[in-house]
Amino acid sequence: MISDPIREGIAAGWKAIDAAALERDLDIEVDVVVAGSGAGGGVTAEILAQAGLAVAIVEEGPLKSSSDFRMLEREAYPQLYQESAGRQTKDKAITVLQGRSVGGSTTVNWTSSFRTPPGTLAHWRSAHGLARADEGSLAPWFARMEERLSISPWPVPPNENNDLLRRGCEKLGIPAAAIRRNVKGCWNLGYCGLGCPTNAKQSMLVTTLPAALAKGAVLVHRARLERLVVSGDRLVAAEARGIAASGSPPSAHRIHLTARHFVLAAGAIGSPAILLRSGLPDPHGLAGRRTFLHPTVVSAAVMPQPVRGFEGAPQTIYSDHFLDSVPVDGPVGYKLEAPPLHPILAGITLPGFGRSHAGLMKEFANLQVVIALLRDGFHPGSPGGRVQLRADGSPELDYPLGEFLWEGIRRAYLTMAEIQFAAGAKSVLPMHEDAAPARDWAQAKAAIADLPMAALRARVVSAHVMGGCPMGPDPRQALVDERGRHHHLANLSVHDGSVFPTSIGANPQLSIYAHAARMASDLAGELAPVSPRAAGRS
Amino acid sequence: MLTRRQFLKVGVASGALLAGAGWLYLRGAPAPAPGLKWLDARGRSIVAALAPVVLEGSLPEAPPARAQALAEVVAAFDRAVSGLSPAVQEEIRQLLALLGIAAGRFIVAGVRSTWAEATPDEVSAFLRRWKGSRFGLLRAGYQALTQLLVAAWYGNAASWERIGYPGPPALGERPA
């Protein structure tokens, strides 16, 4: 029997309020309101609560935990993802996988843990004026979060899907290496993306949030933060409403939260949306602009042997060769990884319909899949997207894919096909509506050269939304300073992936954890009346 | 092969029809069909016409099992749409409203028969035309409809044996 730390905590008296079930309005008064319970919100809540501050965490998604995680896509996508894992950019060209439950995307991510690459930090210093973005001063924050979340090398051999990426790279002399993971006692099941059923994944759901709740923090879930209320140069309140599911209208009852300080950690679509809905000061119109996605393209190979990509830890091997071999601000670079395969995810990614689609699905157990994540935001040809509000106040990301990225996408298709043939593929198919399976590398090379690069022909996905509330010293280019403090409001901070001035160029969870830990520690030092350490000494 | 001018005509017609279909919808959204949460009777007939074509080759062949699978696909499509954000639900409602009026079905989709009577060839030709359209709006419509149907079927355990997927593992003791 696997224990469920969330249900046990609730039984032991944690303060968790289901806003969608409220029968009257609710007032909450705390020291700090944290909007969002994902990587940024979880880390922030724990650090503030441990400093003795009263914290309320407001999360739009539901509180689901290991007893609910049944490894079924049809249940997990509507419960745990934004828009049932079908969130799309404005023109529908990019599907964005983003978490929507307590723990945010950390509840459903694939556990890949990388420190912010040195080349990214150097670019932030030189092009965006960030003084604190250096490996030396960030190292203790990475180390702290690695220890907190058990991030370490994964000692188990990779599953065949990942090992084929490794072998293909090895044949071609392309460096590839193992990915560190945030797991403790992992069963190697392969269902990280549907919520970890064994609590091995050290997501916010089983680490920082329980710690914050044990210190008395209040978790208000199924609550959409509608707006922040400003008075002069300060925020005075946050207004939220219950929401039963993403397709439901908000409930009639309001939650009115007052606090000394407010932290946005609603993700790089949610945080800009709250800023925009609240009409907060933004003299340079920065909120929601320069939003990045690591636009990701996919290549599927049919192998002669079973691959069974649905079994075993996903994303355990990667190659940064195509990031490291180009200048960070040159032609777009890309990271290579091997994702998990599940029937719905594979089905909606494979192109075509009818017999041709059914034929590809029949090879499901022999499919090997590589993804290429493009490093966007470092070149003038990659200005990112823009979060806007629809008439009903919901956010929508407009992200046009320009020529600069299409050139990289074609190169990425070529790279992936070459690696897959080197690994022994019988055929390779780029995930593109106009592609046909190629029988060898020469055929693939010719076919990919001719593929039209256009939205809604190439399948483009994203699991990493970043930017939109950039940090930096210059208020003309940044909305918050390097401590995450809003440039124009005294008591507002942003602690999530939206503060990054470009994409990360690696799976972003550890970057968010470390930056949020640093920002939250600064904030705790400022807000906490007596530091717990000093209190302990007295 | 349509000429550029014909394509443009189709584009203008689609825009006008979408606006008209939206207006028709504003006059009052029809109630969901019996047993469904979201799809109205007309939407259900469209989804029911598309499903066997989109999923051809992946459905059970024995008539009773096939009929049951198709009914489950329509129900899963219905559940999936009802879980999307209100703004996206509205877009899909407009898309189905456009395809549901005779002029939309005929001009934009190129399907002469009613959805209930359309042949698999007619439906397939419609999907191919939208898939390869120069208009992003129609390509997006193709992808929305096919992906919702594919997700509705491959979320169903009845689809798994054919593709060699054993389903999620049983959670016994942690393996050594």
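Residues numbered from 1 in each chain as written. Chains lettered and ligands numbered in written order. Predicted model: local features only at pLDDT ≥ 70, side-chain atom pairs only at ≥ 80, totals over all residues.

**Details of the overall build of chain B**
Then, number 1: Check the secondary structure of chain B and you find seven helices and zero strands.
Then, number 2: In sequence order, chain B lays out its α and β elements as α-α-α-α-α-α-α.
Then, number 3: Taken over 176 residues, chain B has a buried fraction of 39%. (Helix = DSSP H or I, 4+ residues; strand = E, 2+ residues; numbered from the N terminus. Buried ≥ 20, exposed ≤ 12 C-beta atoms within 10 Å, placed from the backbone.)

**Considering the overall build of chain A**
Then, number 1: Each helix and strand in chain A was counted, giving 15 helices and 26 strands.
Then, number 2: Relative to its length of 538 residues, chain A is compact, with a C-alpha radius of gyration of 22 Å against a globular reference of 24 Å.
Then, number 3: Counting only residues that meet the buried cut, chain A has 62% of its 538 residues in that class.
Then, number 4: Sequence separation of 24 or more characterises 76% of the internal contacts of chain A that already satisfy a separation of 6 or more. (Rg over C-alpha atoms; globule rule 2.2 N^0.38 Å. Contact = placed C-beta atoms within 7 Å.)

**Observations regarding unusual backbone geometry**
Residues and elements named next belong to chain A.
Then, number 1: Notably, asparagine 188 is not glycine yet its phi reads approximately 60°, a positive angle.
Then, number 2: Although it is not a glycine, arginine 222 adopts a positive phi angle of roughly 50°.
Then, number 3: Arginine 222 sits in the buried class, given 25 other C-beta atoms within 10 Å.

**A look at helix H6 (residues 120-131) of chain B**
Then, number 1: Between the first and last C-alpha of H6 of chain B there are 16 Å, a value that for twelve residues agrees with the 16 Å anticipated at 1.5 Å per step.
Then, number 2: The elements touched by buried residues of H6 of chain B are helix H2 (41-54) and helix H7 (136-154) of chain B. (Expected span 1.5 Å × (residues − 1).)

**What to know about the interface of chain A and chain B**
Then, number 1: If you look at the interface, chain A gives 38 residues, while chain B gives 38 residues.
Then, number 2: Counting residues per element, the ones that place at least two in the side of chain A that touches chain B are helix H3 (73-80), helix H10 (343-349) and helix H11 (354-362) of chain A.
Then, number 3: With six residues, H11 of chain A is the single largest residue contributor to the side of chain A that touches chain B.
Then, number 4: Here the side of chain A that touches chain B is composed, by residue class, of 20 nonpolar, eight polar and ten charged. (Nonpolar A, V, L, I, M, F, W, Y, C, P; charged D, E, K, R; others polar.)

**Section: the nonpolar core**
Generally speaking, nonpolar side chains in soluble globular proteins are found buried as a group.
Then, number 1: In this structure, Val33, Leu48, Val55 and Val220 of chain A together with Leu149 of chain B are the most contacted members of the largest nonpolar core, which totals 225 residues.
Then, number 2: Residues from two domains meet in this core; each of domain 1 (5-69 + 105-149 + 202-288 + 468-537) and domain 2 (160-181 + 296-375 + 402-454) of chain A gives at least three.
Then, number 3: Not counting chain neighbours up to four residues away, the residues in contact with leucine 149 of chain B comprise Leu50, Ala51, Val54, Leu55, Val73 and Phe77 of chain B. (Core = buried A, V, L, I, M, F, W, Y, C linked by C-beta atoms within 7 Å. Domains from an automatic or database assignment.)

**Some details on the packing of helix H6 (residues 160-172) of chain A against helix H12 (residues 403-422) of chain A**
Residues and elements named next belong to chain A.
Then, number 1: Their axes nearest at 7 Å, the elements H6 and H12 cross at an angle of 95°. Accordingly, the angle class assigned to the pair H6 and H12 is roughly perpendicular. On H12, the residues touching Leu165, Gly168, Cys169, Lys171 and Leu172 of H6 are Glu418, Ile419, Gln420 and Ala422.
Then, number 2: For the contact of H6 with H12, the residue count by class is five nonpolar, two polar and two charged. (Axes fitted to C-alpha atoms, helices over the stretch in contact; angles between N-to-C directions. Parallel < 35°, antiparallel > 145°, perpendicular 65-115°, else oblique.)

**Re the domain arrangement of chain A**
Residues and elements named next belong to chain A.
Then, number 1: Along its sequence, chain A is organised into domain 1 (5-69 + 105-149 + 202-288 + 468-537) and domain 2 (160-181 + 296-375 + 402-454).
Then, number 2: Averaged C-alpha coordinates put domain 1 and domain 2 at centres separated by 34 Å.
Then, number 3: Taken together, the contact between domain 1 and domain 2 spans nine residues of the former and twelve residues of the latter.
Then, number 4: Per-class residue counts for the side of domain 1 that touches domain 2 are two nonpolar, seven polar and no charged.

**Observations regarding helix H4 (residues 86-100) of chain B**
Every α-helical turn comprises 3.6 residues, leaving residues that sit three or four positions apart pointing alike.
Then, number 1: Taking 1.5 Å per residue as the helical rise, H4 of chain B with its 15 residues ought to reach 21 Å, and the 20 Å between its terminal C-alpha atoms agrees with that figure.
Then, number 2: All buried positions along H4 of chain B are accounted for by Val88, Ile92, Arg93, Leu95, Leu96, Ala97, Leu98, Leu99 and Gly100 of chain B.

**A few points about the confidence of the model for chain B**
Then, number 1: Residues of chain B with pLDDT of at least 70 account for 81%, and the chain-wide mean is 87.
Then, number 2: Per the prediction output, this complex has pTM 0.95; the corresponding ipTM is 0.95. (pLDDT = per-residue confidence, 0-100.)

**Observations concerning the environment of tyrosine 154 of chain B**
Then, number 1: Looking at the element boundaries, tyrosine 154 of chain B is found in helix H7.
Then, number 2: As a C-alpha pair, tyrosine 154 of chain B and isoleucine 92 of chain B span 62 residues in sequence and 21 Å in three-dimensional space.
Then, number 3: Ignoring anything within four residues of it in the chain, the contact list for tyrosine 154 of chain B reads Pro343, Ile344 and Gly347 of chain A together with Ser159 of chain B.

**Digging into the sheet that holds strand E26 (residues 492-494) of chain A**
Residue and element names in this part refer to chain A.
Then, number 1: Strand order across the open sheet formed by six strands is E1-E11-E4-E3-E15-E26, with parallel pairing between neighbours. Edge strands, defined here as strands with exactly one partner in the open sheet, are strand E1 (15-18) and E26. Neighbour to neighbour, the strand axes of the sheet diverge by 20° on average, direction disregarded.
Then, number 2: In this structure, strand E4 (residues 55-58) lies alongside strand E11 (residues 218-221), joined through three bridges in parallel fashion. In the sheet register, alanine 56 faces E11, and the bridge partner there is valine 218. (Pairing = 2+ DSSP bridges.)

**Here we look at the sheet that holds strand E10 (residues 180-182) of chain A**
Residue and element names in this part refer to chain A.
Then, number 1: Pairing is antiparallel across the open sheet formed by three strands, whose spatial order is E7-E10-E8. Two strands lie at the open edges of the sheet, namely strand E7 (112-113) and strand E8 (151-152), each paired on one side alone.
Then, number 2: In terms of strand pairing, E7 meets E10 through two bridges, oriented antiparallel. Within the sheet, the bridge partner assigned to serine 113 lies in E10 and is arginine 180.

**Some points on the packing of helix H2 (residues 39-50) of chain A against helix H14 (residues 509-527) of chain A**
Residue and element names in this part refer to chain A.
Then, number 1: Following both chains from N to C, one finds H2 and H14 inclined at 35°, their axes separated by 8 Å at the closest point. Seen from above, H2 lies across H14 with right-handed handedness. Seen from H2, the contacting residues are Ala39, Gly40, Val43, Thr44, Ile47 and Leu48; seen from H14, they are Gln509, Ile512, Tyr513, Ala516, Ala517, Ala520, Ser521, Leu523 and Ala524.
Then, number 2: Along the lines of polarity and charge, the residues of the contact of H2 with H14 split into eleven nonpolar, four polar and no charged. (Left-handed = near helix turned anticlockwise from the far one by under 90°.)

**Structural notes on the environment of serine 112 of chain A**
Residues and elements named next belong to chain A.
Then, number 1: Of note, serine 112 is situated in strand E7.
Then, number 2: With 398 residues separating them along the chain, serine 112 and leucine 510 place their C-alpha atoms 8.5 Å apart.
Then, number 3: Apart from the residues lying within four places of it in its own chain, the contact partners of serine 112 are Ile179, Arg181, Gln315 and Asn507.

**Some words on the confidence of the model for chain A**
Then, number 1: Mean pLDDT over chain A: 96, with 98% of residues reaching 70 or higher.
Then, number 2: Low pLDDT (under 50) marks residues 534-538 of chain A, which in the prediction has one contact with non-local residues, meaning those over four places away or in another chain.

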